[in-house]
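# Structure assessment
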Amino acid sequence: MASTSTRTLRLLSLLQSRRYWPGAELAGRLQVSPRTLRRDIDRLRELGYPVQAKRGVEGGYQLAAGAALPPLMVDDTEAVALAIGLQAAAQGAVEDIAESSVRALAKVVQIMPARLRRRVEALSAMTVPASWGSADQPSVDPGVLTTVALACRDSERLRFSYTAADGQHTGRHVEPHRLVLLGRRWYLVGYDLTRHDWRSFRLDRLSAPRGTGTRFRPRKLPAADAAAFVRAGIDNVIGGYDVEVLVHALAAAVRQRIGRWAAVQDIDATRCRVRMTVDSLDWPTMALGAIGADFHVVSPPELLDQVHDWGRRFSQANLTKHDH
C-alpha cells in the first residue's frame, strides 16, 4: 500500500481532475477503505483544502472554492500548457496581467523537471507570435524574463551581456530590483555594481543572464517606484518623440486605459494632459484611439500628421463584397 503522503497527493490530484467523486469510486481508485478515505479527506482539510462531503448512499466528495488558492496538482501536459500560456501572457501589454504572468512563470519554471522545460523551450522556439504595433517590435526571450524575475525575487546578483543603443556590447554585474513593463517593453531596474549607480536595462537587449549565487541587501531606489525611474530615463533618450496631448476626458478614465505607459495629469473637471516619450508614433496613435475621447495634439507635429493620415485612410474604408 502507498504511504500516507503519496496517497494524499494522489487523492488531491483526483479531486482536482473531476468536479465530483462518489465516495465508493474514489476509495476504489485509491485502493483504500471508506474509513481510510475519510481520514485522508480530513488531512487535506487540515492542509487548507476545502473538501465538501455529501453524505448518504450516493455520497461523495468535491473540492470547493476557498478563501485562498491552494497548491494545484497538474500533470505533464498541463504543466507545459501552463508555462506556454504564461509566456504568451508575459509578452502582452495588458495592464497587471503581463507582470503577474512573469511572477507566476518564474514559480512554474523553478520547479519544472528538465524534461518538461525542454518541451516548453521547443514549443516556444517553433511558435511565431503575432502582435499589434510596428513590425520591428522587439521580443523578449521568456527564459531571460524568468531568470531575471527570480533574481529580483531572491535578491540575487546577476551577470549578463548588454547591447546599448549604439551597438556597444558590455558585461554587467547588477543587483536587480524590479521588472517594469512600460510602452510595450520590458525593463530591468537595478544597481550597476561596475558603474556604482542605478540603471534601467531593456530586456530585449539583455542576453545570457545568470545568477551568481550571491545575495544582497536591497538598496533604496532614488525614485518613487521602478516605473517612475524607467520613465525618467526614457525622457533623457535622444532621438525619441516627446508626446503631449490634451484629452477631453477625466484623468482617472484615461489612466485606467493607458496609465501604465503614459503620465496623465488633471487639467480641470473635463480635461487632462497626457505625456509619453516613445521611439515610434504608432503606439501613441493607437493609444489615443483606444481612449475613445476627443483630443488635441500639442506635440510633436509629426503625431498630428500621422493621426490625420490614419483618419483619412479609416474614413475611406469601404465594405467590399467578394465575388464567388
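Anything mentioned here points back to the structure above.
Quick summary incoming for the structure in this document. (Residues numbered from 1 in each chain as written. Predicted model: local features only at pLDDT ≥ 70, side-chain atom pairs only at ≥ 80, totals over all residues. Heavy atoms only, no water.)

## Side note on the sheet that holds strand β2 (residues 51-54)
Picture the strands of a sheet paired through backbone hydrogen bonds; they go either parallel or antiparallel. The 3 strands lie next to each other as β1-β3-β2, forming an open sheet whose pairing is antiparallel. Each edge of the open sheet carries a strand with a single partner, namely β1 (21-22) and β2. In this sheet, strand β3 (residues 60-63) lies alongside β2 in antiparallel orientation, the contact comprising 4 bridges. When the sheet's bridge partners are listed, glutamine 52 is paired in β3 with glutamine 62. Sheet strands in contact with helix α1 (residues 4-17) are β1, β2 and β3, and its direction is about 80° off that of β3. Relative to β2, helix α3 (residues 34-46) is tilted by about 145°, and along the sheet it contacts β2 and β3. (Pairing = 2+ DSSP bridges. Helix = DSSP H or I, 4+ residues; strand = E, 2+ residues; numbered from the N terminus. Contact = heavy atoms within 4.5 Å. Axes fitted to C-alpha atoms, helices over the stretch in contact; angles between N-to-C directions.)

## Overview of the sheet that holds strand β5 (residues 169-182)
With antiparallel pairing, 5 strands are arranged side by side in an open sheet as β7-β6-β5-β4-β8. Each edge of the open sheet is held by one strand with a lone partner, namely β7 (197-202) and β8 (206-215). Here the strands of the sheet are splayed against their neighbours by 45° on average, with no regard to which way each runs.

## What about the pattern of salt bridges?
Counted by the stated rule, this structure contains 17 salt bridges. For arginine 172, the salt bridge is made with aspartate 192, and the minimal N-O distance between the two is 2.9 Å. Of this pair, arginine 172 sits in strand β5 while aspartate 192 sits in strand β6 (residues 185-192), placing them 20 residues apart in sequence. Comparing arginine 172 with aspartate 192, the two get one shared label, buried. Among the salt bridges present, the one from arginine 255 reaches aspartate 266, with a minimum N-O distance of 3.7 Å. Of this pair, arginine 255 sits in helix α9 (residues 251-258) while aspartate 266 sits in strand β10 (residues 263-266), and the two are 11 residues apart along the sequence. Each of Arg7, Asp40 and Arg43 takes part in one network of salt bridges that share partners. (Salt bridge = Lys/Arg side-chain N within 4 Å of Asp/Glu carboxyl O. Buried < 20%, exposed > 50% of the residue type's maximum accessible area, 1.4 Å probe, protein only.)

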